[in-house]
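# Tertiary structure, described
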Amino acid sequence: MRLHRVAPGIAAGILAPALLLAAPSFAATAAPTAVTVPAASSSADEPDADDLRVAMVRILADPDSGRRVTREANALLDANDPEAMRAWLETGYRIAQAEDDRVAIARILADPSISPALRAAANAALDDNTPEALRHFLEVGRYQVA
């Protein structure tokens, strides 16, 4: 691997935490961010391995990344398989994030001091069981109820 292809990935890994800590936090009001990978129509349109690694590092730098997301992203970076990274970014990330969201909601429900309205909203998100409903509850719904 050529050094000029590795340097941007290293720079992104070093600068990401500093930029995230310097930026104001809009976690309660920000819309969910999605990692998008262009569709595989031709080899010129596909992201190269460095682009995939940068996308993985951005996910790891996100403070909302849970244990499963972090574990899977680190394993993929260690394996250094661009096809596996592409597949995970397209489908696996959403599944891993949904599991981490379910755990976060379960932790909210474990708190005996939460209001009945918050408990009902959390249970409704778990009953819906779609990644979008889980993420919406954690980012917006729990603050609207409280």
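Residues numbered from 1 in each chain as written. Predicted model: local features only at pLDDT ≥ 70, side-chain atom pairs only at ≥ 80, totals over all residues. Heavy atoms only, no water.

### Some remarks on the overall build of the chain
Helix and strand counts for the chain come out as six helices and zero strands. Scanning the chain from its N terminus toward the C terminus, one meets helices and strands in the order α-α-α-α-α-α. Split into buried and exposed, the 146 residues of the chain put 29% on the buried side. If you take every contact in the chain between residues at least 6 apart in sequence, the share linking residues at least 24 apart comes to 65%. (Helix = DSSP H or I, 4+ residues; strand = E, 2+ residues; numbered from the N terminus. Buried < 20%, exposed > 50% of the residue type's maximum accessible area, 1.4 Å probe, protein only. Contact = heavy atoms within 4.5 Å.)

### So, the side chain of Arg53
Tracing the chain through its elements places Arg53 in helix α2 (residues 49-61). A distance of 2.7 Å separates polar atoms of two side chains, one belonging to Arg53 and the other to Asn80. (Polar contact = N/O pair within 3.5 Å; in protein donor to acceptor, adjacent residues only side chain to side chain.)

### Remarks on the pattern of salt bridges
A full pass over the atoms with the stated rule returns seven salt bridges. Salt-bridge contacts for Arg94 lead to Glu132; the nearest nitrogen and oxygen are separated by 2.5 Å. In this pair, Arg94 is assigned in helix α4 (residues 82-110) and Glu132 in helix α6 (residues 131-145), connecting sequence segments 38 residues apart. Under the relative-accessibility criterion, Arg94 is labelled partly exposed at 44%. When the shortest N-O distance is used, the salt bridge between Arg135 and Glu139 registers 2.9 Å. With Arg135 and Glu139 both in helix α6, this residue pair falls four residues apart, about one helical turn. Each member of the pair, Arg135 as well as Glu139, is classed as buried. The network of salt bridges with common partners includes Arg68, Glu72 and Glu99. (Salt bridge = Lys/Arg side-chain N within 4 Å of Asp/Glu carboxyl O.)

### Observations regarding the environment of Leu60
With respect to the secondary-structure elements, Leu60 resides in helix α2. The exposure class of Leu60 is partly exposed, given its relative accessible area of 26%. When the C-alpha positions of Leu60 and Ala73 are compared, they lie 7.1 Å apart, and in sequence the two are 13 residues distant. Non-local contacts of Leu60, meaning those with residues more than four positions away in its chain, are made with Thr70, Ala73, Asn74 and Leu77.

### What about the side chain of Asp101?
If you trace the backbone, Asp101 turns up in helix α4. Those residues in contact with Asp101 that lie beyond four places of it in its chain are Pro131, Leu134, Arg135 and Leu138.

### Examining unusual backbone geometry
Notably, Asn80 is not glycine yet its phi reads approximately 55°, a positive angle. Relative to the helices and strands, Asn80 resides in the loop between α3 (67-79) and α4. In this structure Asn80 comes out as partly exposed when scored by relative accessible area, which is 37%.

### Regarding the confidence of the model for the chain
Per-residue confidence for the chain gives a mean pLDDT of 76, with 67% of residues at or over 70. In the model of the chain, helix α1 (residues 3-22) stands out as the element of lowest mean pLDDT, 53, in contrast to helix α5 (residues 116-128), which has the highest, 91. A low-confidence stretch, residues 19-32 stays under pLDDT 50, and its non-local contacts, those more than four residues away or across chains, total nine contacts. (pLDDT = per-residue confidence, 0-100.)

### Some points on α3
End to end, α3 covers 18 Å across 13 residues, agreeing with the expected 18 Å (1.5 Å per residue, within 8%). Residues of α3 that are buried include every one of Val69, Glu72, Ala73 and Leu76, and no others. Relative to the axis of α3, the buried residues are bounded by an arc of 100° and lie together on one face. Exposed and facing more than 90 degrees away from the buried side of α3 are Arg67, Arg71 and Asp78. For α3, the elements touching its buried residues are α2 and α4. (Expected span 1.5 Å × (residues − 1). Arc of directions from axis to C-beta.)

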